[in-house]
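Descriptive structure summary
Residues per chain, in single letters:
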Amino acid sequence: MPLDPRADTITGAESLLTTLVSSDVDVCFANPGTSEMHFVDALDRVDGMRCILGMFEGAVAGAADGYARMLDRPACTLLHLGPGLG
């Protein structure tokens, strides 16, 4: 059986999520596109982050803002604002 080459490594997306979780950020409001799939994939591998999908960048940003104002703690956003893979 071949060894998993990623077994002893951490990706940039996993590192970002680990840093957010260790800083008590545990909710991510997301509107991902093709170029954000590495981060979406890492959400399944890093414990402690809850992802809430939105259909529009404005709704995602507004939800994160409302969350932060109501609970007095930060949330993160994953916005699809780039060109994607095209």
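Provided above is the structure to which this section pertains.
Read on for a plain summary of the structure. (Residues numbered from 1 in each chain as written. Predicted model: local features only at pLDDT ≥ 70, side-chain atom pairs only at ≥ 80, totals over all residues. Heavy atoms only, no water.)

Moving on, we get to the packing of aromatic side chains. To describe a pair of aromatic rings, you give the distance between the ring centres and the angle between the ring planes. For the structure on display, the rule yields one aromatic pair. Where Phe 29 meets Tyr 67, the ring centres are 5.8 Å apart and the plane angle is 65°; that geometry is what we call edge-to-face. Here Phe 29, found in strand β1 (residues 27-31), pairs with Tyr 67, found in helix α3 (residues 57-71); they are 38 residues apart in sequence, far enough to count as distant. A single burial state applies to Phe 29 and to Tyr 67, both of which are buried. (Phe/Tyr/Trp six-rings, centres within 6.5 Å; stacked < 30°, edge-to-face > 60°. Helix = DSSP H or I, 4+ residues; strand = E, 2+ residues; numbered from the N terminus. Buried < 20%, exposed > 50% of the residue type's maximum accessible area, 1.4 Å probe, protein only.)

Attention now goes to the environment of Glu 14. By secondary structure assignment, the location of Glu 14 is in helix α1 (residues 12-22). Along the primary structure Glu 14 and Asp 44 are separated by 30 residues, whereas in three dimensions their C-alpha atoms are 9.7 Å apart. A polar side-chain atom of Glu 14 sits 2.4 Å from a polar atom in the side chain of Arg 45. (Polar contact = N/O pair within 3.5 Å; in protein donor to acceptor, adjacent residues only side chain to side chain.)

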